[in-house]
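Reading the structure
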Amino acid sequence: MSEEIDVVVIGAGQAGLATSHELEQRGVDHVVLEASVPGSSWLGRWDSFTLVGQNHTVRLPGAPYVGDDPQGFMGRAEIAAHLDAWAGRLRAPVRLGCPVRRLRTRDTGGFVLETDDGAIVSRVVVVSTGAYQRPHRPPAFATLPGGLPVVDLNGYRNPGGLPDGPVMVVGSGQSACQVAEELVLAGRDVVMACGRAPWFPRRAGDRDVFEWLLDTPFFDQRVEDLPTPAARFGANPQLSGAAGGHDLSYRTLAALGVRLGGHLLGADDGVVRLAPDLEASVAAGDDGYRLIRGFVLDLCSREGIDPPELPDPAPFAATPLETVPVRELGCVLVAAGFRPDYASWVQVPDLVDGLGFPVHVDGESVAAPDLHFVGVHFLRRRSSALLFGVGADASATASRIATRLGLPA
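Remember, it's a predicted structure, so these values are computed and weren't measured experimentally.

Section: the sheet that holds strand S11 (residues 167-171)
In spatial order, the strands read S10-S21-S11-S12-S17; together these five strands make up an open sheet with parallel pairing. In this open sheet, the two edge strands, each paired with only one partner strand, are strand S10 (150-152) and strand S17 (259-261). The mean angle between the axes of side-by-side strands here comes to 20°, regardless of whether they run parallel or antiparallel. Here four bridges tie S11 to strand S12 (residues 190-193), and the two strands are oriented parallel to one another. Pairing of Val167 across the sheet is with Val190, part of S12. Sheet strands in contact with helix H4 (residues 174-185) are S11, S12 and strand S21 (331-335), and its direction is about 165° off that of S12.

This is how it looks when you write it as structure tokens:
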């Protein structure tokens, strides 16, 4: 016998809890299903992980940061504890340890959710299972020899947990750079296969970079504003919140002794090969810096603010690494980003586009009306999955659901 619940929210991370809060404000009865515990995706990060945005950028509806360190950077356990406490304050039931294995439509309308505790029939479903779900391994990884250990980022905890020997980090964004820095500071020999990612100084003048950018249209950019839809997979600006927050880029990593090369080409004849494109990757990152600088300087001009000193990038002088003998590597750590994985468990034809993102209008599935998404990267704008942006999307979705159910929006 199936259980019947009118509205179900899947996931108790920031997106699911924000949606629950907004539904509660509109008097919409619902249940939240969580596979593990609130904020479990944060607990899955490496031991020393911290936010990249300052604590005051945690601007969740009903759960903003109110601690005594607004300029600091919470660690993974603190973030998860913040979300867990928020879940405890919500009126809607949050069922922990209740993964949804499969979601499908019913011929008579609505949805069937298959869980470990049995089937649930629901009229409305909100999928809030995270911005990305599946670690991305570029095709070149298929050429690596089977005896070389390969560790995905979500399996990394600390330097001591990796096999002995030099570590090749593959990636270019915040996480790749943060882990490479942690490894080299721990005395590990680190090689980095670099992609293309923007960078920006942690502070410009007397303000943090996030404080600047939150006052600009940067986080309001939509998919239509990007060069191509695939640009959603682009890396976030290289920054760190560790040790109180500091600059982090290919230049700072090279100064610490990380050996840099171009993107991973693959392996043959016992040699891992890196593309001769490191200089192009650094130049692309510098272009990203100039783009972000433009947002800041435009704000200063518009508001009559004295602009901070933001000079052109310094010359890049590191010698690119192009080959590494396999026998010299202890392991390869993959930090090349993540990809959406909705189609593996949501059984709705034409649910996603060619990149795996839901096809939607204002967060509601085009393929299945009354199926909503919150917390998807660039769902409505760049900030859609972030701790200071997901609340707006949750509010819009809750209003749509309430209207559909005949309740005040």
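Structural notes on the pattern of salt bridges
Taken as a whole and assessed by the stated rule, the structure comprises 26 salt bridges. Between Asp189 and Arg259 there is a salt bridge; the shortest N-O distance is 3.1 Å. Of this pair, Asp189 sits in the loop between H4 and S12 while Arg259 is found in strand S17, placing the two residues 70 residues apart along the sequence. With relative accessibility at 33%, the residue Asp189 sits in the partly exposed group. Judged by its relative accessible area of 31%, Arg259 falls in the partly exposed class. Arg404 serves as the salt-bridge partner of Glu364, at 3.0 Å between the closest nitrogen and oxygen. Residue Glu364 is found in strand S25 (residues 364-365), and its partner Arg404 is found in helix H8 (residues 390-404); the two are separated by 40 residues along the sequence. Counted as one network, the salt bridges with shared partners bring together Asp362, Glu364, Asp370, Arg380, Arg381, Asp393, Arg400 and Arg404.

Re the nonpolar core
Nonpolar side chains in soluble globular proteins generally cluster together in the buried interior. Ranked by size, the top nonpolar core spans 57 residues in total, and within it Leu60, Trp86, Leu162, Val169, Leu183, Met192 and Leu333 carry the most contacts. The dominant element in this core, judged by the number of residues it contributes, is H4, at six residues. Not counting chain neighbours up to four residues away, the residues in contact with Leu60 comprise Gln14, His82, Leu83, Trp86, Leu387 and Val390.

Thoughts on a nonpolar patch on the surface
A cluster of nonpolar residues, Val37, Leu43 and Leu96, forms a patch on the protein surface that exposes about 220 Å² of accessible area. Mapped onto the secondary structure, Leu43 falls in helix H2 (residues 40-43).

Side note on the packing of aromatic side chains
The final tally for this structure, using the stated rule, is 11 aromatic pairs. Relative to Phe295, the ring of Phe218 lies with its centre 5.5 Å away and its plane at 80°, an arrangement referred to as edge-to-face. Of the two residues, Phe218 is situated in the loop between helix H5 (209-213) and strand S15 (239-240) and Phe295 in helix H7 (residues 278-303); the sequence distance between them amounts to 77 residues. Residue Phe218 shares its accessibility class with Phe295, and that shared class is buried. Their ring planes at 80° and their centres at 5.3 Å tell us that Tyr342 and Phe373 sit as a pair that is edge-to-face. Placement of Tyr342 in the loop between strand S22 (338-339) and strand S23 (346-347) and of Phe373 in strand S26 (residues 371-373) is noted, with a sequence separation of 31 residues between them. Accessibility expressed as a relative area gives 1% for Tyr342, which makes it buried. The exposure class of Phe373 is buried, given its relative accessible area of 0%. One aromatic cluster is present, formed by Phe210, Phe218, Phe219, Phe295 and Phe388 through successive ring pairs. Seen from the ring of Phe49, Arg45 lies directly overhead, with NZ or CZ sitting 4.7 Å from the centre. Here the guanidinium or amino end of Arg339 rests over the ring plane of Phe233, the centre of that ring lying 3.9 Å away.

Regarding the side chain of Ser128
Assignment of secondary structure puts Ser128 in the loop between strand S8 (118-127) and strand S9 (134-135). For Ser128, the contacting residues outside a window of four places in its chain are Val9, Ile10, Gly11, Ala15, Gly16, Thr19 and Val374.

What about the packing of helix H1 (residues 14-25) against helix H3 (residues 76-89)?
When two helices pack together, their arrangement is given by the angle between the helix axes and the distance between those axes. One way to put it is that H1 packs onto H3 with a least axis distance of 11 Å and a crossing angle of 25°. With respect to their mutual orientation, H1 and H3 come out roughly parallel. Viewed along their axes, H1 and H3 form a crossing whose handedness is left-handed. Facing Gln14, Leu17, Ala18 and His21 of H1, the residues of H3 in contact are Leu83, Trp86 and Ala87.

Section: the sheet that holds strand S20 (residues 323-325)
Reading across the sheet, the three strands line up as S18-S19-S20 and stay open at both edges, with antiparallel pairing between neighbours. What marks the edges here is a single partner per strand, and that holds for strand S18 (264-268) and S20. This sheet shows a mean twist of 20° between the axes of neighbouring strands, independent of strand direction.

Cut-off values and rules
Residues numbered from 1 in each chain as written. Predicted model: local features only at pLDDT ≥ 70, side-chain atom pairs only at ≥ 80, totals over all residues. Heavy atoms only, no water. Pairing = 2+ DSSP bridges. Helix = DSSP H or I, 4+ residues; strand = E, 2+ residues; numbered from the N terminus. Axes fitted to C-alpha atoms, helices over the stretch in contact; angles between N-to-C directions. Contact = heavy atoms within 4.5 Å. Salt bridge = Lys/Arg side-chain N within 4 Å of Asp/Glu carboxyl O. Buried < 20%, exposed > 50% of the residue type's maximum accessible area, 1.4 Å probe, protein only. Core = buried A, V, L, I, M, F, W, Y, C linked by side-chain atoms within 4.5 Å. Patch = residues over 30% accessible without salt bridge, like charges linked within 9 Å, V, L, I, M, F, W, Y side chains within 5 Å. Areas by Shrake-Rupley, 256 points an atom, 1.4 Å probe, with all protein chains shown as cover. Phe/Tyr/Trp six-rings, centres within 6.5 Å; stacked < 30°, edge-to-face > 60°. Lys NZ or Arg CZ within 6 Å of the ring centre and 35° of its normal. Parallel < 35°, antiparallel > 145°, perpendicular 65-115°, else oblique. Left-handed = near helix turned anticlockwise from the far one by under 90°.

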